[in-house]
Each structure stands twice: as structure tokens, then as C-alpha cells.
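Tertiary structure, described
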Amino acid sequence: MNQWQTLVPEEHLLQQVSKSKLMAYTQTISKEVRLSGSEEELRAFQFARETLAEFGVESELHFHDAYISLPVKSQLVVADQLIPSITHSMGQSVNHLQAELVYVGSGTTLHYKDLQVVGKIVLLDGLATPIAVKTAEEQGAIGAVFINATHTHEMIVSTIWGTPTLENKGLLPSIPVVSVTIEAGEAIKNSLSAGQNECTISTVVETGIRTIPTLIAEIKGHAEPEKFVLFSGHIDSWHYGAMDNGTANAAMLEVARILSGQRNLLKRTLRLAFWSGHSHGRYAGSAWYCDTHWEDLRENCLLHINIDSVGAIDSTVLTEANTMQETRKLANEVISAVTNQEFTGSRFGRSGDQSFWGTGTPSLFMSLSEQEPSNDPAAKAFSQLFGSGKSGGFGWWWHTTEDTIDKIDPELLVRDCQIYLSIIWRSLTNPIYPIDQLEAIKEIKQSVTEWQEKAGNRFDLSSTLKRIGSLKSSLVELQNVIGKVTDEEKLTAINHCLLELSSYLVPLNYVKGSNFEHDLALKQPAVPKFTDIELLVQTTPEQQEYYFLITALQRKRNEVNYALKQANQLVQHTLQFLRE
């Protein structure tokens, strides 16, 4: 490792992060509400582009069509009482939908047991999540009312990732969805207890194809200009969105400002992507970018770093942010150096602009800093949405009218920006790509082992585990020689191997369907191609479905095994070259 090129400039770079610039950028971006495809949002995009130009960073503003849903207004009446409410993106518009209201707790399938909700409106505790809405529909409900916390929280209730296709458009929500505060929710529950269960919902949601912007900028590297780190964040917002996502956009600009002055030291290219369609299109902007640039991402993107909702007041938890196992070491090294906190990280869920797993792109972060856990209803709900449940999420103001500039701590925003800057700097300058593929295969082995334990004698994954073992042994051998390589040609071979390995291991660990599609925005387990094992263990050989599931699992096992074979051959060929 070239100490002069990495350690000394990094320390110098971190000192350049400007509190005043970060806050000025945030204030400018968050001075208007930025609905996807709106004129206000476009002005924020133009500000970002003009600011990048001041640093000498070239950018291109793209416009494309996407399926966008903007909630306009709602009216909720329960027991002849008008209840303040909001409606949600992708929910249905209705006019005076009347039905009996039934309380179903948090709305899991278990909560519906012994309840009759067909043709009725359901009342649920918590945020208006896609899975809760999907479950309500499946149970026959014709509408849903969610009880949030002190404030109502804006949400998008579709499970479809990005713009729908003909194949999945039938999964769009078919019922109206509204949310109320916890205070209003208690009043509704009291009415139900008194036998007053008449409910009327009216909603207006503007949903359809809209033109939205995507801003792409690059700071070119010199040794490998075609290889890049993708640094992304969305500009669209709920309300003024100072934290979500004004601070993130500000940090992106500040990283660009600082690294634009260090172009001659960058081995690889930094590609910045500012998305629209995150909040109102279920990641429509990043999904479009993936679909449009799939091959470039597959062949050249070594890492995707996302930034969302940073620098908030009291955001002292830095240990739980989303990471893949192969990127966790990089995050831990930087967070430990900057803050002395030991980063553990949480496995990614299907959220954030993580649209690039099908391209085999390793990911690091959605957000970074979170609140301490608490008993506040909002904090409890957020802890289940983000991370591993060991934090309090992004703050009670998340996705509310209260997400304003007073929720930002300038010192913590500097801290978060420094962490992102350090991670990006190392990714762009280190001789070896900072992707620990041995950790990736360890996680895959653990997950497949758990699938085998769940399957028992119904399905055999021993061939898969054998190939995982072979690949793991090869990766151990590769890791043992990496630190000894100094020859540029051999370093290039190692990096090529690490990049190609991601194209096998990331989809194996994170993609259920096709690498060219986008899985639904629903929670899924590790190595999701074996998810049918969960159904298999609920059937018996006396049922036809048992054999249908066995057939599907055999095909998935073939897919997984062949990818593992190709990955191991790649590592073996690389090792052979390194020995020459």
C-alpha cells in the first residue's frame, strides 16, 4: 500500500469537510417540497448540477418516464366523526367508500386469524408498509387505516420495484390506504369498543407516467477510468425533507468538491447519481438507471455506496447501518477510525435505492447514522424497517412535515460526510478493490446450511455445500497471496477476479428472480433462490404441490451450483496466473 497516496491525503481530505458548505447546500436543497417530477424538484437538481460545475465536475441531466404516485388528500369518517388523515403513494383513489371497520392489530396473517374482514375496512397499528397492505388485500379487506405515532408518516404502499411491467402490474395495490396519528387511533378504538364501527374513506392519489430527472456526474480516475464507484442518493422528498434527503445531497456535493481537487490521485472514477422517483415511485429512478446501463454496471461498477438521511440531531448510533458482508470490513475500518465505534452492520433488506444487485454490484449503506432505541411508537416502527432492530431509526420527524433544517446537527453532518468521504477515497485509491469475497462466501455457506437444516431429508443441498466449500478454500488461498502482490499486471488480475466474483456471489446471496428484473420490495432471506423450501416443508409427498416444489428447487439448485462452479474456476485461473 502506498502510504503517501492513501493515509496522508485522507487525513488532509477529512479536514477539508466544511460545516458551513454542508449546511448551505442543505438549506438550498430543502427550501422547497420536492415531489418527483415537479418543478420544485427540478430546481434542486439544477442547483446540484450548477454546484458541481463550480468544482469543474461535468454532469448530465437525463429525463425519462416513470410510474409515479403522488398522494393528494384524504377524508376519513368513523362513527360520524371526521378524523384527520393522510393517504399514500400507490394507494387507490376512492369516493365515499363505506364499510364496517375491524381492528386487526399489527396486521400479520396471524392477527387475521378468527376475524372476518372480507368486504370490510381494517384498522392496523404501525406504518403503512407494503407487506401490511398486501396482507390486508389477500384477506379480502377493501380499505386500510393505519395508526402511526405522534405524527402521520408518508409512505409508498406498492411492493413493485420501479415502474411496473405487464407481468407484475397486477400486484399494484387495489385498495385505498390512509394513516392517522396515535391520538386519533385511540379515539377510533374507543368508538369500536362502543360498537360504533361505521367507516367512510375518500382519497385522491394521482398515479401515472410522469417525466422525472436523473443527474449523473463523474470525476475520472487515471489508472482505471472505466472502473467506477457509484455514489448515489435521491433528491425527491416528502415535504421539505431537510434530513431526507437534503443532507445526503449536500454530502454528495461536498465529497465531489473535495475529490475534484484530488483528481490526479484517483485510480478509479467516482460516479455520482442523484435520483428522482425514490419516494413516489418505489426507486423508479435508480431502477431505470440499472435497466438502461445494465452492462456497464455489471462490467465496471465495483461498489455502490448509497446515502440517505444523515446528519440528524441525536443520530449517535453508527453501528447498525446496512452492509453486505463483503463490504462490512471497509465500513468498520473507517467508522472505527473516525468515531471509535465498532461497526457491526445489518444485512440489507429490500429497501433504499438498492437497484443493482442483479448486476452483481456489492453495496454499502442506505443510511449511516441513526437514533438511539426508545419506546416511542415511531422509533419502534423504524427499528423494524431499518437495520436489525437495535436502533431508533431516523427520528420521529422522518417522512413528516417536521423534517426541517432544525433537525440537523452540523457537527454530526460533518462526521457522517467524513465517513462517506473516507470510504469513497479508499475505494478509489487502494491498489486492491476493498471487497472481501471470503466473507461473502462464508455468509452464503451459513445460509445454505440453514436451508438444508430446514429442508431435512426432503431436499438435498449437499452438492451446493460441497461447491461452496471448494470456492471457500480457493478464496482462502487467494486472500493469503493478495497482500504479497506488488506487480501491476497481477494486481489488475486480482481486481478483475474480485469484480467478476461479485457478479456471481451478490445475486446468489440477494436475488430471488432474474438478474435482469427487480425483486419485489418485500423482506426476503439470504440465498433467496431456495425460498421454496419454506413451502416444501409444509407439504407432503401425497400432495401434487410437493413435486411441483421439488421440480422448481432442482432448477434453482442447478442455477446456484453452476454459478459456484464458474466462480471457483475464476479464482483458480487467477491463482494460476499469480503463481507464474
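Throughout this description, residue numbers start from 1 for each chain and increase along the sequence as written. For this predicted model, a pLDDT threshold of at least 70 governs which residues receive local features, and a threshold of 80 or more governs which side-chain atom pairs are given and counted, while totals over whole chains, interfaces and linings are taken from all residues. Water and hydrogen atoms play no part in the side-chain values, which are based on all heavy atoms of the structure.

1. A few points about the overall build of the protein chain
Put simply, DSSP marks the helices as runs of H or I at least four residues long and the strands as runs of E at least two long, and each gets a number from the N terminus on. When helices and strands are tallied, the protein chain shows 16 helices and 12 strands. For a compact globule of 580 residues, the expected C-alpha radius of gyration is about 25 Å, and the protein chain comes in at 24 Å, within 12% of that figure. Structurally, the protein chain occupies a C-alpha span of about 80 × 65 × 40 Å along its principal axes. The criterion used for residue contact is that any of the two residues' heavy atoms lie within 4.5 Å. Restricting to contacts in the protein chain with at least 6 residues of sequence separation, those with at least 24 account for 79%. Only the protein chains shown count as cover for residues, and all accessible areas are computed by the Shrake-Rupley method using a 1.4 Å probe. A total accessible area of about 23,200 Å² is found for the protein chain, and carbon and sulfur atoms account for 49% of it. Two things to know: the radius of gyration comes from C-alpha atoms, and the globule rule equals 2.2 Å times the number of residues to the power 0.38.

2. Re the nonpolar core
What is meant by a nonpolar core is a set of buried Ala, Val, Leu, Ile, Met, Phe, Trp, Tyr and Cys residues, joined one to another through side-chain atoms within 4.5 Å. For the exposure calls, accessible area comes from a 1.4 Å probe over protein chains only, and a residue counts as buried if that area is under 20% of its type's maximum, exposed if over 50%, partly exposed in between. If you look at the biggest cluster of nonpolar residues, it comprises 134 residues, and the most contacted ones within it are Phe 231, Leu 259, Phe 274 and Phe 365. At 12 residues, the largest contribution of residues to this core is made by helix 16 (residues 544-579). Beyond its immediate stretch of four places on either side in the chain, Phe 231 contacts Met 252, Val 255, Leu 270, Arg 271, Leu 272, Ala 273, Ile 305, Ile 307, Tyr 420 and Ile 424. Ile 83, Leu 101, Ile 121 and Ile 201 belong to the second-largest nonpolar core, a separate cluster that totals 18 residues.

3. Some words on empty space enclosed by the protein
In the cavity and pocket records, a cavity denotes points on a 1 Å grid over the protein atoms alone where a 1.4 Å probe fits but cannot get out, a pocket denotes an open set with protein on both sides within 12 Å along at least 5 of 7 lines, and lining residues are residues with an atom within 4 Å of a point. Grid points are joined across faces, edges and corners, and a volume is the space filled by probe spheres set on the points. The tally for this structure, following the rule as stated, stands at 3 cavities of 30 Å³ or more. One number sums up the size of the largest cavity: a volume of about 80 Å³. Contributing to the lining of the largest cavity are Arg 350, Gln 354, Ser 355, Phe 356, Trp 357, Gly 358, Tyr 510, Val 511, Ser 514, Glu 517, His 518 and Asp 519. Each residue receives one of three labels: charged for Asp, Glu, Lys and Arg, nonpolar for Ala, Val, Leu, Ile, Met, Phe, Trp, Tyr, Cys and Pro, and polar for the others, Gly being one of them. When grouped by side-chain class, the residues that make up the lining of the largest cavity number 4 nonpolar, 5 polar and 3 charged.

4. Re the pattern of salt bridges
Between Lys or Arg on one side and Asp or Glu on the other, a salt bridge is scored when a side-chain nitrogen of the former is within 4 Å of a carboxyl oxygen of the latter. Using the criterion set out here, one finds 22 salt bridges in the structure. Across the salt bridge formed by Lys 19 and Glu 411, the nearest N and O atoms sit 2.4 Å from each other. On the criterion of sequence distance, the pair formed by Lys 19 in helix 2 (residues 19-29) and Glu 411 in helix 11 (residues 410-429) is long-range, its members being 392 residues apart. Measuring nitrogen to oxygen at the nearest pair gives 2.9 Å for the salt bridge that ties Arg 415 to Asp 416. The residues Arg 415 and Asp 416 share a single accessibility class, namely buried. One salt-bridge network, held together by shared partners, links Glu 218, Lys 220, Arg 271 and Asp 296.

5. Observations regarding the confidence of the model for the protein chain
Here pLDDT means the predictor's own confidence in every residue, given as a number from 0 to 100. Model confidence for the protein chain is summarised by a mean pLDDT of 95, while 97% of its residues fall at 70 or above. Note that residues 1-8 has pLDDT below 50 and, in this model, 13 contacts with residues that lie over four places away or in other chains.

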